[in-house]
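Examination of the molecular architecture
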Amino acid sequence: MIAKTKMVLLGPPGAGKGTASELLLKDVQLAHVSTGDIFRAEMKNGTELGKLAKSYIDAGKLVPDEVVAGMVASTLNGEACKDGFVLDGFPRTVRQAELLEEELAKSGRTLDAVVLFDAPEELLLQRLTARLTCRKCGLNFNKIFGKPKVEGVCDHCGGELYQRSDDSMETAVNRLKVYNEQTAPLIEFYTRKNLLFTVDASLPKAEVYAAFLKALN
Ligand code: AP5
Ligand code: MG
């Protein structure tokens with residue numbers, strides 16, 4: 001179904017990286033590596049890593065590069081990533097991108113594609129502040145753009161839906177600022193490597209997904 005199986009999903013918070021991953025993983029068997037999801041699981045379990053991550057996440061800041069890169073490296077070398085992977089929300093700085101390249105090179109691998117999900121800031125803030133996330137399975141819903149069948153309940157697993165602590169207006173605005181300053185330089189970084197494909201993420205989900213699949217072929 002897709003030709004490119006080692007990919008990075010790039011884009012501002014709320015662009016739809018998680019949503020595109022959910023759709024792709026229904027159709028294709030690949031490892032989904034979302035650094036945000038990993039941190040949220042660690043926070044839920046109250047681990048040391050979770051406590052460290054929480055202090056950055058709640059302020060809308062990035063967790064330090066070496067912490068994130070070390071965490072991803074061990075996952076990438078696991079059996080689950082052998083046939084391909086979707087890196088959702090990593091790398092987020094040029095330093096992380098370099099560390100990723102070094103890690104993949106150790107096993108003779110390179111990326112096949114970097115897909116940029118692009119949407120205007122006003123829409124991103126609207127999506128983020130209306131997002132609902134399942135406490136149990138992590139699936140995303142939205143008070144405006146994709147309501148669950150039963151209010152407050154996940155359609156997929158029946159789990160409770162909650163608002164992420166970093167989806168307040170104040171933190172969302174900070175996250176966008178951090179994205180523009182620290183993550184947006186990756187657009188040029190990957191354009192120079194001929195790996196970047198841009199998808200208009202302001203379109204309805206089905207159209208975004210179709211464009212995403214096209215980028216992977
Ligand atoms: P992370 O969880 O990765 O958050 P993010 O990048 O801010 O991205 P989001 O999950 O908010 O957005 P998304 O693009 O996945 O959008 P979604 O599909 O949910 O990271 C959280 C934090 O962890 C970071 O701030 C940082 O502190 C830390 N962290 C993580 N990785 C790190 C790293 N590499 N380095 C350092 N720190 C790191 O969609 C949003 C909403 O819109 C949903 O409600 C969805 O239903 C809706 N929606 C999506 N697409 C559409 C559409 N086409 N039409 C209508 N509605 C849509
Ligand atoms: Mg996400």
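The text that follows walks through the structure, step by step, so that each part is easy to find. Owing to the predicted nature of the structure, the values given are computational and were not obtained by experimental measurement. (Residues numbered from 1 in each chain as written. Chains lettered and ligands numbered in written order. Predicted model: local features only at pLDDT ≥ 70, side-chain atom pairs only at ≥ 80, totals over all residues. Heavy atoms only, no water.)

The next point concerns the pattern of salt bridges. Scanning the model with the defined rule gives 17 salt bridges in all. In this structure, glutamate 79 and lysine 82 form a salt bridge, with 3.9 Å as the shortest nitrogen-oxygen distance. A single burial state applies to glutamate 79 and to lysine 82, both of which are exposed. Residues aspartate 167 and arginine 131 are paired through a salt bridge, measuring 2.8 Å at the closest nitrogen-oxygen approach. Of this pair, aspartate 167 sits in the loop between strand 7 (161–162) and helix 7 (169–183) while arginine 131 sits in strand 5 (residues 131–134); the two residues are 36 residues apart in sequence, bridging distant segments of the chain. Of the two residues, aspartate 167 and arginine 131, neither departs from the other in class, the shared state being buried. When salt bridges with common partners are traced through the structure, they connect Arg131, Arg164, Asp166, Asp167 and Arg175 into a single cluster. (Salt bridge = Lys/Arg side-chain N within 4 Å of Asp/Glu carboxyl O. Buried < 20%, exposed > 50% of the residue type's maximum accessible area, 1.4 Å probe, protein only. Helix = DSSP H or I, 4+ residues; strand = E, 2+ residues; numbered from the N terminus.)

In this structure, cysteine 154 sits in the loop between strand 6 (140–142) and strand 7. Between the alpha carbons of cysteine 154 and tyrosine 56 there is a distance of 27 Å; along the sequence they are 98 residues apart. In contact with cysteine 154, not counting residues within four places along its chain, are Cys134, Cys137, Leu139, Phe141, Gly159 and Leu161. (Contact = heavy atoms within 4.5 Å.)

Moving on to the sheet that holds strand 3 (residues 85–88). Backbone-to-backbone hydrogen bonds pair the strands of a sheet. The strands run either parallel or antiparallel. Strand order in the open sheet formed by 5 strands is 2-3-1-4-8, and the pairing between neighbours is parallel. Looking along the sheet, the strands with just one partner apiece sit at the ends: strand 2 (31–34) and strand 8 (196–200). Geometrically, the sheet is characterised by an average inter-axis angle of 20 degrees between neighbouring strands, direction not taken into account. Here 4 bridges tie strand 1 (residues 6–10) to strand 3, and the two strands are oriented parallel to one another. Across the sheet, the residue bridging to lysine 6 is phenylalanine 85, located in strand 3. Sitting on the sheet, helix 1 (residues 17–27) touches strand 1, strand 2, strand 3 and strand 4 (113–118), and the angle it makes with strand 3 is about 165 degrees. Relative to the sheet, helix 2 (residues 35–44) contacts strand 2 and strand 3, its axis offset from that of strand 2 by approximately 70 degrees. (Pairing = 2+ DSSP bridges. Axes fitted to C-alpha atoms, helices over the stretch in contact; angles between N-to-C directions.)

To continue, consider the sheet that holds strand 5. In spatial order, the strands read 6-5-7; together these 3 strands make up an open sheet with antiparallel pairing. Of all the strands in the sheet, just strand 6 and strand 7 have a single pairing partner and so form its edges. Pairing geometry for strand 5 and strand 7, over 2 bridges, is antiparallel. Note that in strand 7 the partner of cysteine 134 across the bridge is leucine 161.

By size, the foremost hydrophobic cluster in this structure holds 29 residues, and its most contacted members are Leu76, Phe85, Leu87, Leu100, Leu111 and Tyr190. Among the elements of the structure, strand 1, strand 2, helix 3 (48–57), helix 4 (65–76), strand 3, helix 5 (94–106), strand 4 and helix 8 (185–192) are those that each provide at least two residues to this core. Element by element, the count of residues in this core is highest for helix 4, at 5 residues. Once you skip the residues sitting within four places of it in the chain, phenylalanine 85 turns out to touch Thr5, Lys6, Met7, Leu30, Ala31, Leu76, Leu104, Arg109 and Leu111. Leu30, Leu124, Val208 and Tyr209 belong to the second-largest nonpolar core, a separate cluster that totals 27 residues. (Core = buried A, V, L, I, M, F, W, Y, C linked by side-chain atoms within 4.5 Å.)

This next bit is on the site of ligand 1. Near ligand 1 there are 36 residues, and of these Thr19, Lys61, Arg92, Arg131 and Arg175 occur at the shortest range. Residue glycine 89 places a main-chain N or O atom 2.9 Å away from a nitrogen atom belonging to ligand 1. The side chain of arginine 131 places a nitrogen or oxygen atom 2.6 Å from an oxygen atom of ligand 1. Mapped by element, the contributors of at least two residues to the shell around ligand 1 are helix 1, helix 2, helix 6 (121–129), strand 6 and helix 9 (205–215). Considering each element in turn, the shell around ligand 1 owes the most residues, 4 residues, to helix 2. A breakdown of the residues in the shell around ligand 1 according to their chemical character gives 16 nonpolar, 10 polar and 10 charged. (Near = heavy atom within 4 Å. Polar contact = N/O pair within 3.5 Å; in protein donor to acceptor, adjacent residues only side chain to side chain. Nonpolar A, V, L, I, M, F, W, Y, C, P; charged D, E, K, R; others polar.)

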